[in-house]
There are 2 protein chains.
Amino acid sequence: MTDVDYCVVGAGFAGLTAALRLKQAGRSVTVLEARDRLGGRTFTETRDDGVWIDRGGAWIGPGQDRVHALMTEFGVPSYKQYTAGDAMMMVDGKKYRYQGTIPMTMSPWAVANLGTVFLELGELCKSIPLDAPWEAKRAAEWDRISLAKWLDDNVLSKPAHRLLEMAIAGCYTSAASEVSFLFVLYQMASGGGPGFVLGVKDAAQDSRPVGGMGAIYRPMAAELGRSVHLSQPVRTIAQDDGGVTVATDQLTVRARRVIVAVPLAVAGQIRYEPLLPVDRTFLHQRMPSGAILKIAVLYDEPFWRADGLSGQSAAPGSAAMVTIDAGTDAPRPGVLCVIVEGPRARELGRLTAAERRTAVVGALTERFGSAAAAPLDFVEQDWSAERYSGGGMLSHAPTGVLTEFGPALRAPCGRIHWAGTESSAVMCGWVDGAVRSGERAAREVVAADDLVGAGRG
Amino acid sequence: MTDVDYCVVGAGFAGLTAALRLKQAGRSVTVLEARDRLGGRTFTETRDDGVWIDRGGAWIGPGQDRVHALMTEFGVPSYKQYTAGDAMMMVDGKKYRYQGTIPMTMSPWAVANLGTVFLELGELCKSIPLDAPWEAKRAAEWDRISLAKWLDDNVLSKPAHRLLEMAIAGCYTSAASEVSFLFVLYQMASGGGPGFVLGVKDAAQDSRPVGGMGAIYRPMAAELGRSVHLSQPVRTIAQDDGGVTVATDQLTVRARRVIVAVPLAVAGQIRYEPLLPVDRTFLHQRMPSGAILKIAVLYDEPFWRADGLSGQSAAPGSAAMVTIDAGTDAPRPGVLCVIVEGPRARELGRLTAAERRTAVVGALTERFGSAAAAPLDFVEQDWSAERYSGGGMLSHAPTGVLTEFGPALRAPCGRIHWAGTESSAVMCGWVDGAVRSGERAAREVVAADDLVGAGRG
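Residues numbered from 1 in each chain as written. Chains lettered and ligands numbered in written order. Predicted model: local features only at pLDDT ≥ 70, side-chain atom pairs only at ≥ 80, totals over all residues. Heavy atoms only, no water.

## Topic: the packing of aromatic side chains
Part 1: Counted according to the given criterion, the structure contains 26 aromatic pairs over all chains.
Part 2: On the basis of an interplanar angle of 10° and a centroid distance of 4.6 Å, the ring pair of W150(A) and F181(A) is categorised as stacked. With W150(A) in helix α5 (residues 147–154) and F181(A) in helix α7 (residues 181–191), this residue pair connects regions lying 31 residues apart in the sequence.
Part 3: For F181(A), a relative accessible area of 0% corresponds to the buried category.
Part 4: One aromatic cluster is present, built from ring pairs that chain together Y299(A), F303(A), W304(A) and F368(A).
Part 5: Across from the ring centre of Y82(A), 3.9 Å away, lies the NZ or CZ of R305(A), which sits over that ring.
Part 6: Over the face of the ring belonging to W418(B) we find R280(B), whose NZ or CZ atom lies 3.5 Å from the ring centre. (Phe/Tyr/Trp six-rings, centres within 6.5 Å; stacked < 30°, edge-to-face > 60°. Helix = DSSP H or I, 4+ residues; strand = E, 2+ residues; numbered from the N terminus. Buried < 20%, exposed > 50% of the residue type's maximum accessible area, 1.4 Å probe, protein only. Lys NZ or Arg CZ within 6 Å of the ring centre and 35° of its normal.)

## Focus on the domain arrangement of chain A
All names here are of chain A.
Part 1: Each assigned domain of chain A is listed here: domain 1 (2–41 + 213–288 + 391–455) and domain 2 (102–198).
Part 2: At the interface, 23 residues of domain 1 touch 25 residues of domain 2.
Part 3: Together domain 1 and domain 2 conceal approximately 1,800 Å² of surface at their shared face, both sides included; 63% is due to carbon and sulfur atoms.
Part 4: Looking at the side of domain 1 facing domain 2, the largest losses of area belong to H396, L402 and W430, adding up to 30% of the total buried there.
Part 5: On inspection of domain 1 and its partner domain 2, the count reaches zero salt bridges.
Part 6: The interface formed by domain 1 and domain 2 holds ten residue pairs in polar contact (both at pLDDT 80 or more) in total. (Domains from an automatic or database assignment. Contact = heavy atoms within 4.5 Å. Buried area = accessible area lost by both parts, 1.4 Å probe. Salt bridge = Lys/Arg side-chain N within 4 Å of Asp/Glu carboxyl O. Polar contact = N/O pair within 3.5 Å; in protein donor to acceptor, adjacent residues only side chain to side chain.)

## Considerations on the UniProt feature "domain: Amine oxidase" (unreviewed entry) in chain A
Part 1: Feature annotation in UniProt places "domain: Amine oxidase" (unreviewed entry) on residues 13–445 of chain A, given in this structure's numbering.
Part 2: Between the C-alpha atoms that bound residues 13–445 of chain A there is a distance of 18 Å. The span itself is 35% helix and 20% strand. (UniProt positions renumbered as here; feature names shortened; annotations may be inferred.)

## Focus: the interface of chain B and chain A
Interface size is commonly expressed as the accessible surface area that is lost when the partners come together.
Part 1: Of the residues lining the interface, 46 residues belong to chain B; the matching set on chain A comes to 46 residues.
Part 2: Roughly 3,600 Å² is buried in total at the junction of chain B and chain A, and carbon and sulfur atoms are behind 47% of that figure.
Part 3: Area buried by chain B at its contact with chain A is led by R144(B), Q285(B) and R387(B), which between them contribute 20% of it.
Part 4: For the pair chain B and chain A, the interface holds twelve salt bridges.

## A word on the environment of R257(B)
All names here are of chain B.
Part 1: By the element assignment, R257 lies in strand β14 (residues 257–260).
Part 2: Judged by its relative accessible area of 9%, R257 falls in the buried class.
Part 3: Between the alpha carbons of R257 and G192 there is a distance of 33 Å; along the sequence they are 65 residues apart.
Part 4: Excluding residues that lie within four positions of it along the chain, R257 makes contacts with D5, Y6, C7, V244, G414, R415, H417, V445, A448 and D449.
Part 5: In terms of polar contacts, R257 uses its side chain to reach the side chain of H417, at 3.1 Å.

## Here we look at the sheet that holds strand β21 (residues 416–418) of chain B
All names here are of chain B.
Part 1: Pairing is parallel in the open sheet, where five strands are placed in the order β10-β3-β2-β14-β21. At either end of the open sheet lies a strand with only one pairing partner, and these are β10 (228–229) and β21.
Part 2: Pairing analysis gives four bridges linking strand β2 (residues 6–9) to β14, with the strands arranged parallel. Its bridge partner lying in β14, V9 is registered against V260.
Part 3: Where helix α1 (residues 13–24) meets the sheet, it contacts β2, β3 (29–32), β10 and β14, and its direction lies at approximately 165° from that of β2. (Pairing = 2+ DSSP bridges. Axes fitted to C-alpha atoms, helices over the stretch in contact; angles between N-to-C directions.)

## Here we look at the pairing of strand β16 (residues 292–299) of chain B
Residue and element names in this part refer to chain B.
Part 1: Judged by how many residues are buried, β16 sits mostly within the fold: eight of eight residues are covered.
Part 2: Note that β16 and strand β19 (residues 334–341) share eight bridges and pair antiparallel. Looking across to β19, one finds that K294 is bridged to I339.
Part 3: Summarising the sheet, β16 and strand β20 (residues 377–382) pair through six bridges and their orientation is antiparallel. Each bridged residue has a counterpart across the sheet, and for I295 the counterpart in β20 is E380.

## Some thoughts on the pairing of strand β3 (residues 29–32) of chain A
Residues and elements named next belong to chain A.
Part 1: The alternating pattern of β3 places V29 and V31 on one face and T30 and L32 on the opposite face, and all of these are buried.
Part 2: With four bridges joining them, strand β2 (residues 6–9) and β3 adopt parallel strand pairing. Note that in β3 the partner of C7 across the bridge is T30.
Part 3: The pairing of β3 with strand β10 (residues 228–229) spans two bridges and is parallel. Its bridge partner lying in β10, V31 is registered against V228.

## Concerning the environment of S395(A)
All names here are of chain A.
Part 1: Among the structural elements, S395 can be located in the loop between β20 (377–382) and α15 (401–405).
Part 2: Residues S395 and T421 lie 26 residues apart in sequence; the distance between their C-alpha atoms is 9.1 Å.
Part 3: Those residues in contact with S395 that lie beyond four places of it in its chain are R41, F183, P263, L264, M287, P288, S289 and E422.

Set out below in structure tokens:
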């Protein structure tokens, strides 16, 4: 039995940040992580040859001030995402090369559709109060249709529709029919609008930390030292008047309060004594994770750059649905990151590893030429197969959930407080949102104890 | 360690039926139930004075052949639901008395709306293939909108809209915005259409077993004898080439196969080794339970009958949202069953028991007169507060779920087979569907073992 001020469940960015801020405020803390590794929905693998690969969340962008603050704190520099050259789009058997976010080389009708929809989404996002999206004037209307329905009604060009469906539903690693349109607007708004979410330069994919996300989360964990316990899935959280008791199969932690910083569906697998309020229990049943395969394909060098290509490409339905240059700050090796999301990721996930590699490399070769045919390595991460991720990357809200249960996203349940990127009003869905949620939860527990006169400060 | 042919998780109607059929086929079986009682989402309390109360699922109707077969098997007679007299409807401050399913005393415009919508729903239901609703011609279209959106587009009379929203969303104990319209059509079609689902006489609320549901499930459990273990929540199910190992905190059962017969969200709290296929794991994250309060209010006698009232009433938003005469086959006491579902049930659930009683009895008194003001007893069941029900009464599918994950509802995962009313193509959502699912799962496991040459028969 360990006795500490606070217990934190989950050693992703939300949990590690909460624990770090508590430790810096002079509180004792224990972090319990179910996986045998740090990072949560980020996961940096550093190979024997020094090459590092982000197998999960990887990018940072402007406005993501709290993750930048952590980088400053730990002296982690960033480098710009490679964006020189053309992006490519394959849709309905046609191939387009273009620059920027919208493929202007598509038909004028498709381009006009895309442009209009971007403008419209941007306008709708402005009407969303980030702290309470369920209070938007048209919240009820938007929360009763899925993203798929909205696209059907608003995007008449077929290729534009296919493209937007892939790009937007991809953010939620799910089919467009599964995601509430209100949730889409909220999540986009929390990042500043569709241009930020779907863009690269000066947007959500603008830069990366040198060394990958692990370059940030490893020193955070190092500062927490032996307070962090891996391979300790939490089975029960019991609360009483005096505090909480958090139990894994091997450890029991007694604390004043606990911060649960894991995805919603995973939080729902913990047994709470007594039962949580109905709205929170129901939220755990209602915000599922999606399917995502993230594959790093390594080559001697980033050969596409010489062809005037950025490495960025999108092809709805393909085994290499989205690609992006994922080279490190070093010139070699070349790394193409292949991202497959939603229904297509579930299909690919059912293949054998060998079949999947053949399918993905085949698609890359068709797209980038024969130089793509013989990669040095093929490193795949299927987030759906990770028990304690529950899927990837962001839990989404189906229709009706934000308007019925939204306030339960952040409301503490007695001595149980909630973190995780889904609970952040700003940059919800990004690493920065996770960091913000951890800092908010840390402030919350300290303030709660100060209020009841049990604080130390 | 108990060694049996088959293990069944859950002692509701699905699990008990599966176990019974297996035992009758000469197989050994162990049933593990998490709650300290039998019945699952049915729950008959028999009081010291001999009065019995169904605190959960209660009614049976024509076409529900498999639950009727069980009743014949165990010699349980049925009696007709009391339907003489007028039903009442309170909507938008107006009160209507009427007979039948549609309140014909509302305005002609509202009545026309209701009639049209009933016809339309009935027609749409006919196009649903019950075994695979995701293959309906318009499945994709219907699975991208919620019930709320369809009602908005199709019911223009405001009182008709309020009424239908309450009545239909009530079936899923959720807000209309939460439920996929495809799921609504499927579930209605599985019972034979909207007239069956929402009707009383010759419909889903036609009759009740004498003695309540417990008069059926208790003798089933008695026949299974010591094979049924209560208060044994299953924590893990591990499968290997030779069989399955099912563990609770105290018991370990080794069997050839296991039938899991619990609600989807509850099935998702079991740890499966190895992980289930992604589509099944995701289904567990995606079919939530709803909120329902079911309250039996007992009076000396059913005084409303003398006033020419059937006891059936509906009032959207009221603390006594729906009422129905729930008297036993004896003339006394009078029992009004109050059912409150969805968002209103969550609101009422947050009150103290005393506040809730005041609100409900107040609403009944306003509706049925001063005789309603002083009940003999007030027996309430909040299904959301039951850990191992996970809510009530039927798990629903949000948009996108049936078209993406529907086939996972029944597909066995290796040696793990699935029962529960949600997995029944016929009478999905009723006790009869649960019985059918149990019989199907029992056939499934026996056939699987006969196929591999391990059968005994």
